[in-house]
Amino acid sequence: MGRVITIAQQKGGSGKTTLAVNLAVGFAQAGKSVALMDTDPQGSAGRWFMTRLDELDEPGLEFATASAWGVPYECRKLADSHDIVIIDTPPKADSDLRPALRASDLVLVPVATSHLDLWAVEVVLNLARSENVPAMMVMTRARSGTRLGLDVAEQAAGLDAEITAAAMANRVIYAETLGKGRTALEAPKGPAHDEMRALVSEVASRLDAL
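Bear in mind the structure is a predicted one, so any value in this text is a computation, not a measurement.

Draft legend 1. Inspection of unusual backbone geometry at higher detail. Within the chain, asparagine 132 stands out as a residue other than glycine whose phi angle is a positive 60 degrees. Relative to the helices and strands, asparagine 132 is located in the loop between α5 (115–130) and β6 (135–140).

Structure follows, in structure tokens:
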């Protein structure tokens, strides 16, 4: 059985889809068979994948959609034939999120550099704990060296949850590549490559430790 990762955050605009697709391609480049599932009615991950199909002969990963309550069934099918399944969820934390959490081995919670994102984290963390699923926060749109960045990082450290050492900085390349059905790892080599490879490695190690 493959491992299932759910990307969840109550607040929109935190970088959920950006994190999901970059991780998916990162794991694929690391030699894993990967499936990406979109459960968000907005369908951002689905639009990214369809754009990818138009741009590339071979997308390098499988794609599926599911309603909230169809997630466990779809996950079982995908996990039977893939090493990694990544679920992109809607920006909310309620009963509709629970099926994805129950199907998961690990929950990643993106936190953009804002107090609003940080305040929204606790609900997701509490849901993950209630389902007995480990969770890690991932700092996205990070602004290193700024007072706001340092303040949010300090407050995040005060929450009862792991924070990945690797972070995604506030870089234009993530948005540029997303609109083309690509990821930062498929752009010319730059700082984002190092960020994503470090994050993929860290998440893989956390999964291995479970």
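Draft legend 2. Examining the packing of helix α1 (residues 16–29) against helix α2 (residues 44–55) more closely. Across the interface, α1 lies against α2 with an axial gap of 9 Å and an inter-helix angle of 45 degrees. Judged by the inter-axis angle, α1 sits oblique to α2. Regarding α1 and α2, the two cross each other, and that crossing is right-handed. The residues of α2 that touch α1, namely those facing Thr17, Val21 and Val25, are Ser44, Ala45, Trp48 and Arg52. In terms of residue class, the contact of α1 with α2 is made up of 4 nonpolar, 2 polar and 1 charged.

Draft legend 3. Summary view of α2. Helix length check: α2, at 12 residues, gives a terminal C-alpha distance of 17 Å against a target of 16 Å (1.5 Å per residue), a fit within 8%. All of the buried residues in α2 are Ala45, Gly46, Trp48, Phe49 and Arg52. Taken down its axis, α2 places every buried residue within 160 degrees of arc, on the same side. Looking at α2, the residues exposed on the side facing more than 90 degrees away from the buried face are Arg47 and Asp54. The inward-facing, buried residues of α2 contact α1, β2 (34–38), β3 (62–65), β4 (84–88) and α7 (172–178).

Draft legend 4. A look at the pattern of salt bridges. Scanning the entire structure with this criterion turns up 7 salt bridges. Three or more residues are tied together by salt bridges with common partners; here these are Arg98, Arg102 and Glu131.

Draft legend 5. View of the environment of lysine 180. Mapped onto the secondary structure, lysine 180 falls in the loop between α7 and α8 (191–208). Sequence separation between lysine 180 and tryptophan 48 is 132 residues, and the spatial gap between their C-alpha atoms is 7.4 Å. With residues up to four places along the chain from it excluded, the contact list for lysine 180 reads Thr51 and Glu55.

Draft legend 6. Up close: the packing of α1 against α8. Closest axis-to-axis distance for the α1/α8 pair is 9 Å, and the angle between their directions is 80 degrees. It follows that α1 is roughly perpendicular to α8 by the angle criterion. Each of Leu19, Asn22, Leu23, Gly26, Phe27 and Gln29 in α1 lies in contact with α8, whose residues at this interface are Met196, Arg197, Leu199, Val200, Val203 and Ala204. Residue composition of the contact of α1 with α8, by class: 8 nonpolar, 3 polar and 1 charged.

Draft legend 7. How the structure looks around the pairing of strand β5 (residues 106–112). Among the 7 residues in β5, 7 count as buried, and that is most of the element. Burial along β5 is two-sided: Leu106, Leu108, Pro110 and Ala112 and Val107, Val109 and Val111, pointing in opposite directions, are all buried. Summarising the sheet, strand β1 (residues 3–7) and β5 pair through 3 bridges and their orientation is parallel. Bridge pairing in β5 places isoleucine 7 opposite leucine 108.

Draft legend 8. Representation of the environment of proline 99 within the structure. With respect to the secondary-structure elements, proline 99 resides in helix α4 (residues 98–102). Sequence-wise, proline 99 and tyrosine 73 are 26 residues apart; in three dimensions their C-alpha atoms are separated by 9.8 Å. Residues contacting proline 99, with those up to four places away along its chain left out, are Ala68, Trp69, Val71 and Pro72.

Calculation notes
Residues numbered from 1 in each chain as written. Predicted model: local features only at pLDDT ≥ 70, side-chain atom pairs only at ≥ 80, totals over all residues. Heavy atoms only, no water. Helix = DSSP H or I, 4+ residues; strand = E, 2+ residues; numbered from the N terminus. Axes fitted to C-alpha atoms, helices over the stretch in contact; angles between N-to-C directions. Parallel < 35°, antiparallel > 145°, perpendicular 65-115°, else oblique. Left-handed = near helix turned anticlockwise from the far one by under 90°. Contact = heavy atoms within 4.5 Å. Nonpolar A, V, L, I, M, F, W, Y, C, P; charged D, E, K, R; others polar. Expected span 1.5 Å × (residues − 1). Buried < 20%, exposed > 50% of the residue type's maximum accessible area, 1.4 Å probe, protein only. Arc of directions from axis to C-beta. Salt bridge = Lys/Arg side-chain N within 4 Å of Asp/Glu carboxyl O. Pairing = 2+ DSSP bridges.

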